[in-house]
Amino acid sequence: MPEIFSPQIVNLLINSIGQTLYMVAVSGLIGTAIGLPLGVFLATSRQGELFAAPWLNTVLGLIVNLVVFRILSGADADHVNIKGALLHVLGDLLGSVGAIAAAVIIWLTGWMPIDPILSLLVSLLILRSAWALLTRTFNILMEGAPDGIDIKELQSDLRSAVPGLADVGHLHVWALSSGQTMATLDIALAPGADPAVVSREVKARLAQQHDIGHTTVEINWSGDGVDCPAATAQHQ
């Protein structure tokens, strides 16, 4: 586990913050590019009084955020920077929906408390998503394993799927960044197995079935003691 203030962690944190700000800026530019011409058109149209109504600004914001959200959803949604930009747009989107819903309810019933209640609900939803994103980002900064990785199941899968592989040990998996999962491991060979072929098959299996694109394989020529002392710490 790296030191929390090591140069590697600091550089990764700076890059992550920079890329997140970049994606938020891109989403803002997309929204401006869509909303500004439309807003100018509506403001200068014949029905200027109608289009200047506050409710229309909210509806316009909702439409623009829906378009931006749809565009960003087509990108790599598994990347934390994309998720950060999506969360930013989602906050505006839910805010517009809440404002419209509150306006309709107040118009029909006159019950004013619905406005702060919906605002609080939207804030709680955004806070929950933001916390999940923050937790995942921190896990990457600490070079933790991605969600869904089980070391014992991974070892069992390799032993059963790779011919010539006798055992797997010292297996460590961690995420260097979003979409970049790495692994190191020791392997013990069955009698007569070709080391180059087995190593290649292990890497192929990890890449194709478990989305681990970079693997370092060390061959244990002694044939014994492939258990990892760090396993008790559950470094996954």
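Above: the structure in question.
Residues numbered from 1 in each chain as written. Predicted model: local features only at pLDDT ≥ 70, side-chain atom pairs only at ≥ 80, totals over all residues. Heavy atoms only, no water.

### Some words on the overall build of the protein chain
Then, number 1: Counting its secondary structure elements, the protein chain contains 7 helices and 3 strands.
Then, number 2: Listing every helix and strand of the protein chain by position from the N terminus yields α-α-α-α-α-α-β-β-α-β.
Then, number 3: Residue burial in the protein chain is summarised as follows: out of 236 residues, 32% are buried.
Then, number 4: In the protein chain, 63% of the contacts between residues at least 6 apart in sequence involve partners at least 24 apart. (Helix = DSSP H or I, 4+ residues; strand = E, 2+ residues; numbered from the N terminus. Buried < 20%, exposed > 50% of the residue type's maximum accessible area, 1.4 Å probe, protein only. Contact = heavy atoms within 4.5 Å.)

### Some details on the packing of helix α4 (residues 80-109) against helix α5 (residues 114-141)
Then, number 1: One can describe the packing of α4 onto α5 by two numbers: an axis separation of 9 Å at closest approach and a directional angle of 170°. Accordingly, the angle class assigned to the pair α4 and α5 is roughly antiparallel.
Then, number 2: Partitioning the contact of α4 with α5 into residue classes produces 16 nonpolar, 6 polar and 3 charged. (Axes fitted to C-alpha atoms, helices over the stretch in contact; angles between N-to-C directions. Parallel < 35°, antiparallel > 145°, perpendicular 65-115°, else oblique. Nonpolar A, V, L, I, M, F, W, Y, C, P; charged D, E, K, R; others polar.)

### Remarks on the packing of helix α6 (residues 151-161) against helix α7 (residues 195-210)
Then, number 1: Where α6 contacts α7, the axes come no closer than 11 Å and their chain directions differ by 125°. One element, α6, and the other, α7, form an angle in the oblique class. Handedness of the crossing formed by α6 with α7: right-handed. Residues Leu 154, Asp 157, Leu 158 and Ala 161 of α6 form the contact with α7, whose own contacting residues are Val 202, Arg 205, Leu 206 and His 210.
Then, number 2: Considered class by class, the residues forming the contact of α6 with α7 number 5 nonpolar, 1 polar and 2 charged. (Left-handed = near helix turned anticlockwise from the far one by under 90°.)

### Notes on the pattern of salt bridges
Then, number 1: Under the criterion given, the structure shown has 2 salt bridges.
Then, number 2: Arg 205 is the partner of Asp 157 in a salt bridge, and the nearest nitrogen-oxygen pair spans 2.7 Å. Placement of the pair is Asp 157 in helix α6 and Arg 205 in helix α7, with a sequence separation of 48 residues.
Then, number 3: Owing to a relative accessible area of 24%, Arg 205 belongs among the partly exposed residues under this scheme.
Then, number 4: A salt bridge links Asp 167 to Arg 159; the shortest N-O distance between them is 2.9 Å.
Then, number 5: Here Asp 167 falls in the partly exposed class, since its relative accessible area comes to 25%.
Then, number 6: Relative accessible area serves as the criterion here: at 34%, Arg 159 is assigned to the partly exposed category. (Salt bridge = Lys/Arg side-chain N within 4 Å of Asp/Glu carboxyl O.)

### Comments concerning unusual backbone geometry
Then, number 1: Located in the positive-phi region is His 170, a residue other than glycine, with phi close to 50°.
Then, number 2: For His 170, the position within the fold is in strand β1 (residues 165-177).
Then, number 3: If you check the backbone angles, Asp 211 has positive phi at about 60° while not being a glycine.
Then, number 4: Relative to the assigned elements, Asp 211 resides in the loop between α7 and β3 (214-219).
Then, number 5: You can call Asp 211 exposed: its relative accessible area is 57%.

### Some points on the nonpolar core
Then, number 1: Judged by nonpolar contacts, the single largest core of 19 residues is most densely connected at Leu 158, Leu 165, Val 173, Leu 185, Ile 187 and Val 202.
Then, number 2: Mapped by element, the contributors of at least two residues to this core are α6, β1, β2 (180-189), α7 and β3.
Then, number 3: Among the elements that make up this core, the one with the highest residue count is β1 (4 residues).
Then, number 4: Core analysis: the second largest hydrophobic core is formed by 8 residues, Val 68, Leu 72, Ile 82 and Val 89 among them. (Core = buried A, V, L, I, M, F, W, Y, C linked by side-chain atoms within 4.5 Å.)

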